[in-house]
Amino acid sequence: MADDTVVFIQRELPINAFPTIADIRRQGQLCDVTLKVADQKFSAHRIILAATIPYFHAMFTHDMVETKQNEITMESIEPSALEALINFSYTGRVVIDMNNVQSLLIVAGFLHMQAVKDACSTYLKNRLEPSSCLSVRQFADQYQCCSLVEAANKYIQNNFQQVALSSDFLTLPKSEVLEILSRDELHIISEEQVFEAVMRWIKHDSDARVKDLPELMVKVRLPLLTPQYLSDKVATEDIIKNSLQCRDLLDEARDYHLMPERRLLMQTFKTRPRGCTDIPGFIYAVGGLTSAGDSLSTVERFDPLTGQWSPGEPMSTMRSRVGVTVLKGHLYAIGGYNGMERLDTVEVYDPLSKRWSRVSAMNCKRSALGAVSLNGKVIVCGGYDGVTSLRTCETYDADTNTWCPMQPMHKHRSAAGLSILHGCVVACGGHDGLSIFDSVETYNPSTGEWKQLPPMKSKRCRLGVATLNGKVYAVGGYDGCVFLKSVERYDPDTQQWEYVASMNVKRSRVAVAATYGRLYAIGGYDGQTNLNTVEMFDPNINEWKFVTSMSAHEGGVGAGVIPMESFGEDKFSFLKQENSS
């Protein structure tokens, strides 16, 4: 016999029931428990509290003594926050403002109401300011709000100059000042700002803190200061004159400037410029290929704030498979292929004058090379000279306009990916004309040597590589059989490579750039077509999504990021003018 039953569902019943229950509570009816805090009492229904607040669920369903008590005393809780959260348990609604957010977060944490705690944390994240971010970080750390601690830390390093001028900075303990000063990611215009922050902190309580000066001065990257500043500002401070250790640090910095021939031996974290990828910069797509495979001199620029591409000034030379990097706010286009021969020529773009100019040529012709900037120099590695894949490397000094050879890599690498991690060059993958590599090697300027890192999970040539949030990403490429859309990243803490979300499309010959806390995969080749599409990776949600495509390129570009601050103090009017044109 066929089943003759019908299931009737009134889906709005739970939604309609809670307002009625809240109304019953307001009238003081059917309540079976009273919560007492200090001299205030709040009546409620056990079943509602148990159903909506994990703390009371545990209390009322595990045969605790409170299960049978009509009145329960709550200790060390803000009464108004408890009242708001009891009301929330009936209505699903709570008002958060600057007056109650901290007490709400504390009580929500105590009651294990994670959604409300997260909402309070988000509220504070969205209202971080230089004057309050240090105290918010301390509060978040105390109440185990990890995401809020991370957001406050990023805010501190992105806005260091303003934070260092706050009264909270002056009252920080020495350990926290040292931790902040140690960060590679501090966003500063000049190391002068770090030195001046140290001086302000010391002088806020000179008698007690002057003994801490040498320890703090070690964290100031004195070799990055100009000789004039070292002489006029640092050396004239009485508290530095009176410290033998500080005078030694000052002499070390002076030696760095006076003896450039010894700088390679003097490389430490102190000579490594700080860099912050959370700060927006313009992405420049340089050179590349037409759909017919011809090289281009075309340049276009992507603004991560507006998400739009705009035309840039073309190079004087057509270049595909070009090496691109940024040094001191200037964009370098290095080597490449012009459709007829491999190039040793180099040109540099000044974003203020909007002009390209030639500088000294490399010692070797190179296409499919890797290029990065480190310690005030341009470094190029590997590539193809028209005959063979290269393992040679060279470095460019803009002050003297000269290229010098440096220690070669272990492997001949053409179409490898290059990036910087913790002050060292990292070279990933590539090929030697016969084999495609999964191997990775790193160059430490302090020792002048290359050493092996753990290999990638996939063999990759024609890949894109960039560093974001202290991890190296290897994006796309070709493994000899398949054009890749997979992406992996290297964590120096675990010394492991791990896969992250794959791109939406396969991309070899892909350019990768990191800016504003995101990774961009630009153009490439999918095995059939040169690509003008661009994808953006958000590490917070492990997801790639398409953004605006390039308008003037069809793949094979080089990419570099010029910080917006390189356009001078009047950058905002400059941006306004550019975006309106």
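Whatever comes next refers back to the structure up there.
Participant: Honestly, the overall build of the protein in this entry has me stumped. Any pointers?
Facilitator: The secondary structure content of the protein amounts to 18 helices and 27 strands. Based on the C-alpha atoms only, the size of the protein along its principal axes is roughly 90 × 90 × 50 Å. For the protein, the residues scored as buried account for 50% of the 581 residues in total. A fraction of 54% describes how many contacts in the protein between residues 6 or more apart in sequence connect residues 24 or more apart. Distance between charge centres in the protein, computed from 59 positive and 68 negative side chains, equals 3 Å.

Participant: Can you walk me through the pattern of salt bridges in this structure?
Facilitator: Pairs can form between side chains of opposite charge whenever their charged atoms are close. Taken as a whole, this structure holds 23 salt bridges when the rule is applied. The residue Asp 23 makes a salt bridge to Arg 26 at a minimum N-O spacing of 3.4 Å. Here the residue Asp 23 and the residue Arg 26 both occupy positions in helix H1 (residues 13–26), the gap between them amounting to three residues, near one helical turn. The class for Asp 23 is partly exposed, based on a relative accessible area of 33%. Of the residues examined, Arg 26 reaches a relative accessible area of 61% and is grouped as exposed. Here Lys 241 makes a salt bridge to Asp 238, at a shortest N to O gap of 3.8 Å. With Lys 241 and Asp 238 both in helix H16 (residues 238–241), this residue pair falls three residues apart, about one helical turn.

Participant: Can you walk me through the packing of helix H5 (residues 101–110) against helix H6 (residues 114–125) in this structure?
Facilitator: When two helices pack together, their arrangement is given by the angle between the helix axes and by the axis-to-axis distance. The N-to-C vectors of H5 and H6 enclose an angle of 150 degrees; their axes lie 8 Å apart at closest approach. As far as their axial angle goes, H6 and H5 are roughly antiparallel. Considering only the axes of H5 and H6, their crossing is left-handed. Of the residues in H6, those in contact with Val 101, Leu 104, Leu 105, Ala 108 and Gly 109 of H5 are Val 116, Lys 117, Cys 120, Ser 121, Tyr 123 and Leu 124.

Participant: Before we go on, may I ask you to explain the state of the cysteines in this structure?
Facilitator: Note: disulfide means a covalent bond formed between the sulfur atoms of two cysteine side chains. One pass over the full model with this rule turns up zero disulfides. As a non-bridged cysteine, Cys 381 has Cys 393 as the owner of its nearest cysteine sulfur, 3.4 Å distant. On the basis of relative accessibility, which here comes to 3%, the residue Cys 381 falls in the buried class. Since its relative accessible area comes to 3%, Cys 393 is described here as buried.

Participant: What am I meant to see in the sheet that holds strand E7 (residues 323–327) here?
Facilitator: Strand pairing in a sheet relies on backbone hydrogen bonds, with the paired strands running either antiparallel or parallel. A sheet is described by the order of its strands in space; here four strands give the open sequence E7-E8-E9-E10, paired in antiparallel fashion. At either end of the open sheet lies a strand with only one pairing partner, and these are E7 and strand E10 (355–359). When strand polarity is set aside, the average angle formed by the axes of neighbouring strands in this sheet is 25 degrees. Two strands pair when backbone bridges link them, and E7 and strand E8 (residues 330–334) are joined in this way by five bridges, in the antiparallel orientation.

Participant: Help me out: how do you make sense of the sheet that holds strand E3 (residues 71–73) in this one?
Facilitator: Strand order in this open sheet of three strands is E2-E1-E3, and the pairing throughout is mixed. Two strands bound the open sheet, and with one partner strand each, they are strand E2 (40–44) and E3. Pairwise comparison of adjacent strand axes, ignoring direction, gives a mean angle of 25 degrees for this sheet. One ladder, built from five bridges, connects strand E1 (residues 33–37) with E2; its direction is antiparallel. Along E2, the bridge assignment pairs Leu 35 with Phe 42. In this fold helix H4 (residues 79–91) packs onto E1 and E2, with an angle of close to 10 degrees to the strand it touches most, E2.

Rules of the game
Residues numbered from 1 in each chain as written. Predicted model: local features only at pLDDT ≥ 70, side-chain atom pairs only at ≥ 80, totals over all residues. Heavy atoms only, no water. Helix = DSSP H or I, 4+ residues; strand = E, 2+ residues; numbered from the N terminus. Buried < 20%, exposed > 50% of the residue type's maximum accessible area, 1.4 Å probe, protein only. Contact = heavy atoms within 4.5 Å. Lys, Arg positive; Asp, Glu negative; His and termini not counted. Charge placed at Lys NZ, Arg CZ, Asp CG, Glu CD. Salt bridge = Lys/Arg side-chain N within 4 Å of Asp/Glu carboxyl O. Axes fitted to C-alpha atoms, helices over the stretch in contact; angles between N-to-C directions. Parallel < 35°, antiparallel > 145°, perpendicular 65-115°, else oblique. Left-handed = near helix turned anticlockwise from the far one by under 90°. Disulfide = S-S within 2.5 Å. Pairing = 2+ DSSP bridges.

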